Amino acid sequence: MQPFIVYSLCVVIFNVPTLVLYVLILLGNVLHLLRLSPSSFLIFFLCVGSFINTANELIVCASHLISGVNSYDTRACLIQSVLVTFGCLLSITQGSGLTLLRYLSIVRKQKIHYSYVSIFTATSTAVCILLVTIPFILGSQNETYGMHPSGVVCTVLWFKTDIQTRVVACICGVFCAIPVCFIGFAYAAIYARVSKVISEASGTLEESGQSNEGTPGSAVAVLPGQPKGLKLHQEQRREYEQSQKKLLIQSIVIVSVMLAGWGPYCIMGFAEVLMGSPVTIEVELTADALVAAMELINAVVVLWFDAEIRANVVNLGGYFHKVV
């Protein structure tokens, strides 16, 4: 059996459950989109990007299995190249938006309104659309987009040396590098802030003689004889801080999975730009496999950590059960 057939079969087996999970996430939450919290709103659109990538790779590999040959329609590959590139850029921007949300909430102490995430998502989506249409504006879409040597991925041909493709590669590289650098800076600042708050809370607890299990930010101890109103306020504060801690953990896990999946692929693309030639098929397939694994893990992580999205998916199952 030829290697591309084996890989295509593995992708189909692996991506079918992944695609099912994303379909459930999107169908279950699309009608509740305006009622989602800001972080869940961004996660929803991150899942949109992952769904696009998973569906396109599944279509290509299923086509190989049906035809039995390592060839693909040029026009279809052009369309899928645009969609895959858009999905990748959308996932990265929404991941950085999720990080920005935590940075503003924890470090800047700003309350995030729904209008912020809606404007951020609309703007970042518009920029992603603009980026993927640049080859069409330059008239180089047939040279810039196409099937990679592995025969399983339609996207930007990073190794092409024509000026138009180089321009697109550089713009996409800068566009991806900025969010990644910000993510590193933001989580460093968040770590510093949380460490400072924990230190202050520990000092306050030692002074009061209390052995309270405080969460990050619980810098005020509850002392005997305090008014009930003050105790209630402190309890509400602890609950808020606990929810922020859960959201922080959720964001770190989702963004880490995203970077672990897309990181090797971006490094591969950067290497192809520098070399002016494609990497070996083994390297490319490894990078593609890591992206596919990331998409599945990301779907599971979203359902595990995001209670809002999970509840809507469960309710969707109940709705279908009633219909049947």
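What you see is a predicted model, and the numbers here were worked out from it, not measured in a lab.

Visitor: With reference to specific residues and values, describe the overall build of the protein chain.
Guide: Counting secondary structure elements, the protein chain contains 9 helices and 2 strands. Across the protein chain, helices and strands are ordered from the amino to the carboxyl terminus as α-α-α-α-α-β-β-α-α-α-α. Of all 324 residues assigned to the protein chain, the portion counted as buried reaches 46%. A fraction of 73% describes how many contacts in the protein chain between residues 6 or more apart in sequence connect residues 24 or more apart.

Visitor: Just give me the short version of unusual backbone geometry, but keep the residues and values in it.
Guide: Glycine aside, the phi torsion of most residues is negative, and most peptide linkages are trans. For Lys109, which is not glycine, the phi torsion reads 60° and is therefore positive. Judged by relative accessible area, which is 57%, Lys109 ranks as exposed.

Visitor: So what's going on with the packing of helix 2 (residues 38–67) against helix 8 (residues 281–305)? Residues and values would help.
Guide: Here helix 2 crosses helix 8 at 140°, and the two axes come no closer than 10 Å. Taken together, helix 2 and helix 8 sit at an angle that is classed as oblique. As helix 2 runs across helix 8, the sense of the crossing is left-handed. Contacts from Ile43, Leu46, Cys47, Ser50, Asn53, Thr54 and Glu57 in helix 2 reach Asp288, Ala292, Glu295, Asn298 and Val302 in helix 8. For the contact of helix 2 with helix 8, a count of residues per class yields 5 nonpolar, 4 polar and 3 charged.

Visitor: Please set out the side chain of Asn53 residue by residue, giving values where relevant.
Guide: Take Asn53: it is sitting in helix 2. When residues no more than four places from it in sequence are discounted, the contact partners of Asn53 are Leu83, Val84, Gly87, Cys88, Ser91, Trp262 and Glu295.

Visitor: Give me the lowdown on helix 2, citing residues and values where you can.
Guide: Its 30 residues give helix 2 an end-to-end C-alpha distance of 44 Å, which sits within 8% of 44 Å, the value for a rise of 1.5 Å per residue. Among the 30 residues of helix 2, 22 are classified as buried, and the element is accordingly described as predominantly covered. Among the residues trailing helix 2, Gly68 stands out with phi positive, at a value near 80°.

Visitor: Can you break down the confidence of the model for the protein chain residue by residue, with the values?
Guide: Here the protein chain averages 81 in pLDDT, and 82% of its residues register 70 or above. The least confident element of the protein chain is helix 7 (residues 228–275), whose mean pLDDT is 75; the most confident is helix 4 (residues 114–138), at 91. Every residue in residues 209–226 is under pLDDT 50, and counting partners more than four places away or in other chains gives 43 contacts.

Visitor: Quick one: what's the story with the packing of aromatic side chains, residue by residue and with numbers?
Guide: Using the criterion set out here, one finds 9 aromatic pairs in the structure. Their ring planes at 75° and their centres at 5.2 Å tell us that Phe41 and Tyr114 sit as a pair that is edge-to-face. Taken together, the residues span a long stretch of sequence, with Phe41 in helix 2 and Tyr114 in helix 4 at a distance of 73 residues. Judged by its relative accessible area of 5%, Phe41 is buried. You can call Tyr114 partly exposed: its relative accessible area is 29%. When the centroid spacing of 6.0 Å and the interplanar angle of 75° are considered together, the rings of Tyr103 and Phe182 count as edge-to-face. Placement of the pair is Tyr103 in helix 3 (residues 74–106) and Phe182 in helix 6 (residues 163–208), with a sequence separation of 79 residues. The class for Tyr103 is buried, based on a relative accessible area of 9%. Take Phe182: its relative accessible area is 23%, and that puts it in the partly exposed class.

Visitor: Mind laying out helix 3, listing which residues take part and the relevant values?
Guide: Along an α-helix, residues three or four apart share an orientation, since each turn contains 3.6 residues. With 33 residues, helix 3 should reach 48 Å at 1.5 Å per residue; the first-to-last C-alpha distance of 48 Å fits that figure. Along helix 3, 27 of the 33 residues are buried, which leaves the element largely enclosed by surrounding structure.

Visitor: Describe the nonpolar core, with residues and values.
Guide: In terms of nonpolar packing, the biggest core is built from 74 residues, with Ile25 and Tyr265 touching the most fellow members. Setting aside residues up to four positions removed in sequence, Ile25 forms contacts with Phe44, Cys47, Ala299, Val302, Leu303, Ile309 and Val313.

Visitor: Give a description of the environment of Thr286 that names residues and reports values.
Guide: Assignment of secondary structure puts Thr286 in helix 8. Of the residues examined, Thr286 reaches a relative accessible area of 46% and is grouped as partly exposed. When the C-alpha atoms of Thr286 and Pro264 are compared, they prove to be 8.8 Å apart, with 22 residues separating the residues in sequence.

Visitor: So what's going on with the side chain of Asp306? Residues and values would help.
Guide: Mapping Asp306 onto the fold places it in the loop between helix 8 and helix 9 (307–323). Notably, Asp306 is buried but unbridged: the nearest opposite-charge side chain belongs to Arg310, and the N-O separation is 6.9 Å. Looking at Asp306, its side chain comes within polar contact range of the main-chain nitrogen of Ile309, at 3.0 Å.

Definitions and limits used
In this numbering scheme, every chain counts its residues from 1 along its sequence in written order. For this predicted model, a pLDDT threshold of at least 70 governs which residues receive local features, and a threshold of 80 or more governs which side-chain atom pairs are given and counted, while totals over whole chains, interfaces and linings are taken from all residues. Note that water and hydrogens are dropped before the side-chain values are worked out from all heavy atoms of the structure. Only DSSP runs of H or I covering at least 4 residues are called helices, and only runs of E covering at least 2 are called strands; the numbering of each starts at the N terminus. For every residue, the accessible area obtained with a 1.4 Å probe (protein chains only) is divided by the maximum for its type, and the residue is called buried under 20%, exposed over 50%, and partly exposed between those limits. For this analysis, residues touch if any pair of their heavy atoms sits within 4.5 Å. Every axis in this analysis is a line fitted to C-alpha atoms, fitted for helices over the stretch in contact. Angles between the N-to-C directions lie between 0 and 180 degrees. These descriptions rest on fixed angle ranges, namely under 35 degrees for roughly parallel, over 145 for roughly antiparallel, 65 to 115 for roughly perpendicular, and the rest for oblique. Crossing handedness: left-handed means the near helix sits turned counterclockwise from the far one by under a right angle, and right-handed means the same turn made clockwise. When residues are grouped by polarity, Ala, Val, Leu, Ile, Met, Phe, Trp, Tyr, Cys and Pro land in nonpolar, Asp, Glu, Lys and Arg in charged, and all others, Gly among them, in polar. What a helix should span is 1.5 Å times the count of its residues minus one. pLDDT expresses how confident the predictor is about each individual residue, on a scale running from 0 to 100. Note on aromatic pairs: the rings of Phe, Tyr and Trp (six-membered ring only in Trp) are paired at centre separations within 6.5 Å, and the planes decide the class, stacked below 30 degrees, edge-to-face beyond 60, tilted for the rest. Think of a nonpolar core as a cluster: buried Ala, Val, Leu, Ile, Met, Phe, Trp, Tyr and Cys residues, connected wherever their side-chain atoms sit within 4.5 Å. We score Asp and Glu as negative and Lys and Arg as positive, and we do not count His or the chain ends. For this analysis, a salt bridge means a side-chain nitrogen from Lys or Arg found within 4 Å of a carboxyl oxygen belonging to Asp or Glu. The definition of a polar contact used here is a pair of N or O atoms within 3.5 Å, where within protein one atom must be able to donate a hydrogen and the other to accept one, and adjacent residues in sequence count solely through side-chain atom pairs.

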